[in-house]
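Geometric and topological summary
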Amino acid sequence: AQTPSDLAEIFRAPAGFAVEYRSVPGGGALRLGSYTPYPSPHANVIIGPGLNEPMEKYFETMRDLSAAGCNVYAINWRNQGGST
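Bear in mind the structure is a predicted one, so any value in this text is a computation, not a measurement.

Here's the deal with the packing of aromatic side chains
Counted according to the given criterion, the structure contains 1 aromatic pair. Measuring from centroid to centroid gives 5.1 Å for Phe-17 and Phe-59, while their planes differ by 75 degrees, and the two rings are edge-to-face. Linking Phe-17 in the segment before strand E1 (18-23) with Phe-59 in helix H1 (residues 59-67), this pair joins segments that are 42 residues apart in sequence. On the basis of relative accessible area, Phe-59 is assigned to the buried category, the value being 5%.

Written as structure tokens, this is what we have:
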């Protein structure tokens, strides 16, 4: 997917944000995101968005948590966002 050049910074993925897919029992895959700039973070935070909320909605929150010294992980539940 392409990001429009005029998109506000709060809606852009933080530099270093990575996405991967993991197979799940019964078929399909979960879409997982990670923003892990720290080898020894103060905390690891997992964001599990609500129904119809993709992980991209939390890019600003991820930046704020990172500024506090945290690594952040996010998931798109089954049939949500890029998960199948």
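As for the environment of Val-72
Residue position: Val-72 is located in strand E4 (residues 70-76). Residues Val-72 and Arg-12 lie 60 residues apart in sequence; the distance between their C-alpha atoms is 15 Å. The contacts of Val-72, once residues within four sequence positions are left out, are Gly-33, Ser-34, Tyr-35, Thr-36, Val-45, Ile-47, Met-62 and Leu-65.

Brief notes about the pairing of E4
For E4, the buried fraction is high: 6 of the 7 residues fall into the buried class. By the bridge criterion, 5 bridges tie strand E2 (residues 29-35) to E4 in an arrangement that is antiparallel. Bridge pairing in E4 places Ser-34 opposite Tyr-73. As paired strands, strand E3 (residues 43-47) and E4 are joined by 5 bridges and run parallel to one another. Across the sheet, Ala-43 pairs through a bridge with Cys-70, a residue of E4.

Observations regarding a nonpolar patch on the surface
A cluster of nonpolar side chains, contributed by Leu-7, Ile-10 and Phe-11, occupies part of the molecular surface with about 250 Å² of accessible area. As for its placement among the helices and strands, Phe-11 is situated in the segment before E1.

Quick notes on the rules
- Residues numbered from 1 in each chain as written.
- Predicted model: local features only at pLDDT ≥ 70, side-chain atom pairs only at ≥ 80, totals over all residues.
- Heavy atoms only, no water.
- Phe/Tyr/Trp six-rings, centres within 6.5 Å; stacked < 30°, edge-to-face > 60°.
- Helix = DSSP H or I, 4+ residues; strand = E, 2+ residues; numbered from the N terminus.
- Buried < 20%, exposed > 50% of the residue type's maximum accessible area, 1.4 Å probe, protein only.
- Contact = heavy atoms within 4.5 Å.
- Pairing = 2+ DSSP bridges.
- Patch = residues over 30% accessible without salt bridge, like charges linked within 9 Å, V, L, I, M, F, W, Y side chains within 5 Å.
- Areas by Shrake-Rupley, 256 points an atom, 1.4 Å probe, with all protein chains shown as cover.
- Salt bridge = Lys/Arg side-chain N within 4 Å of Asp/Glu carboxyl O.

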